[in-house]
Every structure is written in structure tokens, then in C-alpha cells.
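Here is what each chain is made of, one letter per residue.
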Protein chains: 2
Amino acid sequence: MAANEFQIIRDLFAPLATHAGARALADDVAVLEARGALVVTTDAIVEGVHFLADDPIETIAMKALRVNISDLVAKGAKPTAALLTLVWPKDRPSDQIAVFAEALGRDLKHFGVALIGGDTTSTPGPLMVSITAFGEPLGARTPARADAKVGDDVWLVGGEIGSAWLGLQLRSGAMAFDDLRRDRDEELAQAESRALADAMPDYLTLPGHKFDAEAAWLQSAYLSPFVRLECADIVARFANASMDVSDGLVTDAAKMAAASGVAIRISANDIPFSIPAQRWAFTGGDFRKLITGGDDYVVLFTAPREQREAIAAAERDQALRLSRIGWVEAGEGVQVLDATGAAVPIVSAGYSHTLGR
Amino acid sequence: MAANEFQIIRDLFAPLATHAGARALADDVAVLEARGALVVTTDAIVEGVHFLADDPIETIAMKALRVNISDLVAKGAKPTAALLTLVWPKDRPSDQIAVFAEALGRDLKHFGVALIGGDTTSTPGPLMVSITAFGEPLGARTPARADAKVGDDVWLVGGEIGSAWLGLQLRSGAMAFDDLRRDRDEELAQAESRALADAMPDYLTLPGHKFDAEAAWLQSAYLSPFVRLECADIVARFANASMDVSDGLVTDAAKMAAASGVAIRISANDIPFSIPAQRWAFTGGDFRKLITGGDDYVVLFTAPREQREAIAAAERDQALRLSRIGWVEAGEGVQVLDATGAAVPIVSAGYSHTLGR
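What you see is a predicted model, and the numbers here were worked out from it, not measured in a lab. (Residues numbered from 1 in each chain as written. Chains lettered and ligands numbered in written order. Predicted model: local features only at pLDDT ≥ 70, side-chain atom pairs only at ≥ 80, totals over all residues. Heavy atoms only, no water.)

### Some thoughts on the confidence of the model for chain A
Note: predicted coordinates in regions of low pLDDT should not be interpreted at a detailed level. All names here are of chain A. The cut-off we apply is this: On a scale of 0 to 100, pLDDT captures the predictor's confidence in every residue. Numbering of helices and strands starts at the N terminus; helices are DSSP runs of H or I of at least 4 residues and strands are runs of E of at least 2. By definition, residues are in contact when any of their heavy atoms lie within 4.5 Å.
Summary statistics for chain A give a mean pLDDT of 89 and a share of 89% for residues scoring 70 or more. Of all the helices and strands in chain A, helix 6 (residues 186-199) carries the lowest mean pLDDT, 64, while strand 9 (residues 298-303) carries the highest, 98. Scored below 50 in pLDDT, residues 203-211 makes 17 contacts in the model with residues more than four places away or belonging to other chains.

### Topic: the sheet that holds strand 6 (residues 153-157) of chain A
Residues and elements named next belong to chain A. For the record, the criterion: Note on pairing: two strands pair once DSSP finds at least 2 bridges between them. Helix axes are fitted only over the stretch in contact, all axes being lines through C-alpha atoms; the angle between N-to-C directions runs from 0 to 180 degrees.
Pairing within the open sheet is mixed, and its 6 strands lie in the order 7-9-6-10-8-11. Looking at which strands have only one partner, the edges of the open sheet turn out to be strand 7 (242-245) and strand 11 (333-337). Neighbour to neighbour, the strand axes of the sheet diverge by 25° on average, direction disregarded. Note: strand 6 against strand 9, 5 bridges, orientation antiparallel. The partner of Leu156 across the bridge, within strand 9, is Leu300. Along the sheet, helix 9 (residues 249-260) makes contact with strand 6, strand 7, strand 8 (263-267), strand 9, strand 10 (322-329) and strand 11, crossing strand 7 at roughly 160°.

### Quick notes on empty space enclosed by the protein
Empty space among the atoms becomes apparent when a probe as large as a water molecule is rolled across them. The cut-off we apply is this: Using protein atoms alone on a 1 Å grid, points that fit a 1.4 Å probe yet trap it form a cavity, whereas open point sets bounded by protein on both sides within 12 Å along at least five of seven lines form a pocket; residues with an atom within 4 Å of a point count as lining. Grid points are joined across faces, edges and corners, and a volume is the space filled by probe spheres set on the points. The classification used treats Ala, Val, Leu, Ile, Met, Phe, Trp, Tyr, Cys and Pro as nonpolar, Asp, Glu, Lys and Arg as charged, and all other residues, Gly among them, as polar.
Under the definition given, this model contains 4 cavities of 30 Å³ or more. Lining the largest cavity are A:Val46, A:Val87, A:Thr123, A:Gly125, A:Pro126, A:Met128, B:Val46, B:Val87, B:Thr123, B:Pro126 and B:Met128. In terms of residue class, the lining of the largest cavity is made up of 8 nonpolar, 3 polar and no charged.

### Comments concerning the relation of the copies chain A and chain B
The line we're drawing: What sets the superposition is a least-squares fit of C-alpha atoms, and only residues with pLDDT of at least 70 in both copies go into it.
Least-squares fitting of chain A to chain B yields an RMSD of 0.0 Å, with the transformation described by 0.0 Å of translation along the axis and a rotation of 180°. Both chain copies can therefore be described as sitting about a two-fold axis. The C-alpha atom lying nearest the rotation axis in chain A is that of A:Gly125; the distance is 2.3 Å. The fraction of interface residues of chain A whose copies in chain B are also interface residues reaches 100%, indicating that both copies meet through the same surface.

### Some points on the pattern of salt bridges
Where we set the bar: Each reported salt bridge corresponds to a side-chain nitrogen of Lys or Arg within 4 Å of a carboxyl oxygen of Asp or Glu. Note on exposure labels: buried denotes an accessible area under 20% of the residue type's maximum, exposed denotes more than 50%, and partly exposed covers the range between, all computed with a 1.4 Å probe on protein chains only.
Taken as a whole, this structure holds 39 salt bridges over all chains when the rule is applied. Here A:Asp28 makes a salt bridge to B:Arg145, at a shortest N to O gap of 2.9 Å. Residue A:Asp28 is found in the loop between helix 1 (5-13) and strand 2 (30-46), and its partner B:Arg145 is found in the loop between strand 5 (128-137) and strand 6 (153-157); the two belong to separate chains. An identical accessibility class is assigned to A:Asp28 and B:Arg145; each is buried.

### Focus on the interface of chain A and chain B
To keep it simple, the criterion reads: Buried area is understood as the total, over both parts, of accessible area removed when two parts are fitted together, assessed with a 1.4 Å probe. Polar contact is defined as a pair of N or O atoms within 3.5 Å, subject to the rule that within protein one atom must be able to donate a hydrogen and the other to accept it, and that residues adjacent in sequence are counted only when both atoms are side-chain atoms.
In this complex, chain A contributes 71 residues to the contact, which on the side of chain B involves 71 residues. Of the roughly 5,500 Å² buried between chain A and chain B, counting both surfaces, carbon and sulfur atoms make up 57%. Among the residues of chain A in contact with chain B, A:Asp28, A:Leu355 and A:Arg357 are the three that bury the most area, contributing 15% of the side total. Counting the contacts that link chain A with chain B gives 30 residue pairs in polar contact (both at pLDDT 80 or more). A total of 16 residues in the side of chain A that touches chain B trace back to one element, the largest contributor, which is strand 2 of chain A. Summarising the sheet, strand 2 of chain A and strand 2 (residues 30-46) of chain B pair through 11 bridges and their orientation is antiparallel. Counterpart to A:Arg35 in the pairing with strand 2 of chain B is B:Arg35.

### Topic: the sheet that holds strand 3 (residues 77-89) of chain A
One open sheet holds the 8 strands; their spatial order is 4(A)-3(A)-5(A)-2(A)-2(B)-5(B)-3(B)-4(B), and the pairing between them is mixed. Each edge of the open sheet is held by one strand with a lone partner, namely strand 4 (114-123) of chain A together with strand 4 (114-123) of chain B. If you compare each strand with its neighbour and ignore which way they point, the axes differ by 20° on average. Of the pairings in the sheet, the one linking strand 2 of chain A to strand 5 (residues 128-137) of chain A comprises 8 bridges and is antiparallel in character.

### What to know about the packing of aromatic side chains
Residue and element names in this part refer to chain B. We apply this condition: In this analysis, rings of Phe, Tyr and Trp, with Trp reduced to its six-membered ring, are considered paired at centre separations within 6.5 Å, and the interplanar angle assigns stacked below 30 degrees, edge-to-face beyond 60, and tilted for intermediate values.
The tally for this structure, following the rule as stated, stands at 11 aromatic pairs over all chains. Measuring from centroid to centroid gives 6.5 Å for Trp88 and Phe100, while their planes differ by 80°, and the two rings are edge-to-face. One end of the pair, Trp88, is in strand 3 (residues 77-89); the other, Phe100, is in helix 3 (residues 96-111), and 12 residues separate them in sequence. Phe100 shares its class with Trp88; the two are buried. Consider the rings of Trp165 and Trp280, whose centres lie 5.7 Å apart with planes at 55°: the pair is tilted.

### Some points on the UniProt feature "binding site: substrate" (unreviewed entry) in chain A
Rules: UniProt positions are given in the numbering used here, feature names are shortened, and annotations may be inferred rather than shown by experiment.
Mapped onto the present numbering, the UniProt feature "binding site: substrate" (unreviewed entry) falls on A:His50, A:Asp295 and A:Tyr351. Its location among the elements puts A:His50 in the loop between strand 2 and helix 2 (57-74). When residues no more than four places from it in sequence are discounted, the contact partners of A:His50 are A:Ala44, A:Ile45, A:Lys63, A:Tyr222 and B:Thr121.

Given below as C-alpha cells:
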């Protein structure tokens, strides 16, 4: 049954508005009391473009929030508040809205973010969720893409490359689950499966969506990117340039290189992959798909070489996976180098964004 | 031909980013330096819901911005910055994007607002434009809907009621142009037409969309609501409660009454209508359609009776149309009273928002 917008806001979203300036979502504006810099980002996700129509409504909510949290964290900011624009299809059951709101509420709480306002409307088209997120810089500056310096190391922090792309292949049916299992040792695989299941945070467990632990890990990476707030501290302390990896590692590194007027060199062997992604690549999968596929939502940053020891100490303190994957030199563009130092030929660099016809 | 997202941002939207914190739209976040309160609002418009598929792309851009400017102005805030989320249909010609950007740029300049960031993506569905707008309060407080006091006067400022609803009827074909002309004196009508054409600001003139001046006025009210920044000053100086009228005067006054725990009484004869709307009502049109139809985007506020003279002086100074349309008393709900003081029966109060099925 179609649901009334005012009731939805009052009953489902107003309880998430744990911020005085949100005016309990009962007014037309929110009022933020800002002291100093406020970091702002906005990202929208669209059914059929950024998620699939039959993705769980819980993870659609989580993904919409996290792609924005990811932008803030990658810039060394602590997320504080969010605006939600929910454009709901006329033909999607309205009882999913309560599930959406509950999942969003859980995730807002997990990240310490208050909902301060938004807009809800219906559409004859696909579901669209747009979030604007606000954060406070943890450091004195907010690193730009353009701040990479010749001689910097290139780092990744906060997750793995390619898991989300593999997850999308599994979810869309482009790849079968057995493709991941090729040549695998069953005993070892089961031990790994158990380890992955243990490592998976509770909020990645999807009610009603049970998978093999490996497939679950990959699909979760796609459905609800695993963003860690602790990365913001690393960026604030050490980064020259930084950005989140959302369009594929090679594409995003190329953007950073272009903005900074430098060349970025990446050592393929140093890129962090998940166990199933690594096995897939080692048993015939083309690892270039992993580094050009999108949706990783990890943090790419550069830092002076002198910071290596301090960064290693921070990695131990925060139990974050930090990978030094390359370096910045004079020149332009991105090259990915194999174990012999030869450039890996890469044809298609990442998801191509086009608009209209 | 499909257009590349990065080129569109660089060539069409980056020139609108006249704010250092926007980082020329070449980064993932914007950085706002805020001192004190920041008023924030977000509103989305969807093709087939808030505008028609064949509305001029110029006015779609203008409407998307103005519905947000309207929220800020109605709260006594001066608009300063905006984020744009543009969700562009795969089958809409991409060369319209340049026209959209040009019209948005004109309007941003008109309102003194800088574009500081956003997101662009494609969709298999209808066009959707979402804007988040930021403003600085002109007064010490940002009036809520909930701040109406018993004994206050009820005011409208910044425009007329019902013109946009009539404009929509004309655009959608639900009403013929001749329905507006019933019984009219041709000589008088032509004089009025000339007066309207003179009064119409340049930026309401739509290239390639020429109408009779009356029809143009009404359709412009629907296509590109006529929002005046000067209203913000009136609200900041005088308002107890305030909000913009977007879902119909009666519905929005009811929201204000409910939020404030008071009754609002409106005198039908004191509601400001445009000349063609007035004629339509006086020659058989049901004026209740005008006060329950949406999209007016004028400011509804309450103010203490003691402010009447000061408000009248402000009206003269700023050449704004200020209408004292009613009063606040103890009780609940909204009543619209006719010339004899009898309540006008109103069945359907405004646009009904529902989500999903």
C-alpha cells in the first residue's frame, strides 16, 4: 500500500535525526553550528547503474551512506551529519521503506552520523538515493587530489582492491561461483571460509541473504562497501594527496596524477587483494579486471618517504591494512609494473561515465 | 551523442564554481569555512512528478535551484552556496546539458550563489535534479514552522497564490488558454497583457517559448518560480514562524498551525492572486483550487500585531508585495473565511504525497 510521506518522515526517519539542528525533520531547513572548516560531499546511487534492482534494500541504504562516508574519510574528515534524498519508485512496495530506514539508522549510528534533513519524493523511474554528508577535518588541512609530490610513496588503506568488482560479477550472474573455486584445495578453502566468516563484522551479515563466506565477503564488498573511520586519522596525519578509490584503482590513480602534475607508478605485487580475489587471479583470472573495476571504496594517498616508519606504527596501533603500493615521480600518467619492473598493458581504465545520448 | 562526465564537469559546471572551497569541482569534497550558523536545505525535482518531460531544460534548472532558494529565503537566510546532483536519462540528448548548465549559471549569479560541488550520473529513468543549498541567517534566529504565537498576524510575501497551479493546468493541457479569457474585455486584457510583459523580469523570458503575456506569466510561475531574495530580510526582521508555500497555501498553513499548536484563520479576500487568476476565479473558476494547488513558492510568516507599521514601511522600501491574510488564534487547524466571515468548505487540502505501492 502506498505510504504517506509525512508519516514516513515522522515515524521512520525523524528518530534518526539525533541532532538539535535537525529540528526533528519537522521543519524545512536544518541549522548547523559550524566552527571553522566543514567538509562537504554528495553522491547519488541509482538502481540499474550503481546497484541492482534486487539488491537487498538494507544494503542499498548502507551503500548510499558509505559512498559518502568514504569521500569524507579519504579526506581526513570525521563524518558528523547527513542529508538524505530518497526518490522512491511508484511500483516498489512501500513497506521496504521501513527496512531501508532501519538499516540506514544502524549505519548512521555505526559511523556516528546524525541525519539532519532531506527530501522524499516518488518517481515513475528507478530508485535513487542521494546523500549529502558533512564532516570535520581531523587535521589542519583537507588534502586534495592535486597535492601529490615527486618522491612521495603511494599508499592504500582501509580495504582491498577488486573484491567489489568480483562481487558484482557474482551478483549480476556474469561470473559463476564455481569460477572462484577453480583449482582450490577444499580443506584449505574451508579453513579460509571460516576465517572470513569470523572477520566479517556483524552489520555485514544480511538477514535472509546467506552465502558461502567467500562469496558473501565479495558480494558484501559490492553491496555495502566496508569503510573504516580510522582511515581518516591516517590521512589527516600523513597524507599529501588523497582520494577514495571508487572508479577503479588505475582510473583514480590517473586522476590524482593528472591533478598533481606527476606520474604514479604502482607495483602490482604490492596491491592488496582478498584471498578469493587472489586465488581467482592466480588460477587464470585477469588481475587487470580487479585494478580497473570500480566500487572499492578504499583510500589512496601519498605521503613523504620519511613517514614510512610512523605509518607502520599507526598500522600496528589501529589494526588497519596499510599497503605501500608505489611511488610518485616526475612525468605524467599511471603505470602498473609487474615483478620484473615491466609495465603491464592496460587497455580499459575503469568505468566509463557517460551522460545522455 | 553521449557526453563524457568528466568533460561535462570541467567544461560546463566548473566555471560556475566561483568559490575557493569548491576546488574548481576537481576534487571529491568541498570545504566551507563557516562562522556560526549555516542554514541547510535539500530538495529534488523529478520529471513526471515536479516538472513535465517537455518543459524547457532552462526552466528545469531554474526550478531545481529556486525551490531550494525559496526554503532559505523563507527562513530569513541569505543563500550562499549549492551542491548539484544531476541524474541524466540515458535517452535524453546530452547537448541539453550545456543549456541546463548555462541557465543554472545565470540563476546562480542572479541569486549570488556559488556552485561548490555535486554529482552527475546517468539513469535508465526520468531526469532528476537534486540541489542542496546553504545560507547564512540574516537575523539572530532561524524561524521554525512551530513558532507561531496566538495573536500574531499571518502574512504572505514574495508573490501570488495559484498562478503556478493555473500555469500547470495550461502546460499539461488540463485547461485551455481560452478558459482564462472567459468574459474578458479585450481592450482591458491587452493593456493588462502589456503591463505583465513589462513586469516580467528578463530571466523569465524563455528563448524559443513565446506565449501570450498572461499565459507566459502563469506558466513561468510554474516553470521557474519567482523567488525574491528581499523576502529573507522581511522574515529575519519580523517573523515569529515562517515557511515557504510549496504544497498549497491551505496545506502549508495547516502544517504551521499543527507545528505551533495554534489555529490559523485566513481571510479569502486578502489572499494575493495574479490578475488572470483573479479573473478566472471571478468568472466561474473555483478559487479553492488556487489556494490548495501547489508550487507557489512564496513566504508564509506570522508576526506580532505591533509590527504592522514597520512591515508596511518595509513593503514600501523594498517594493515587495506584502499581504496580511489572516491571524493566529488559540485552537487548531486552518479555516479560510469568506467576506461574511463564514468558513469556506475545503475538501482536498493540497497535493497528497505518497510513496511506493
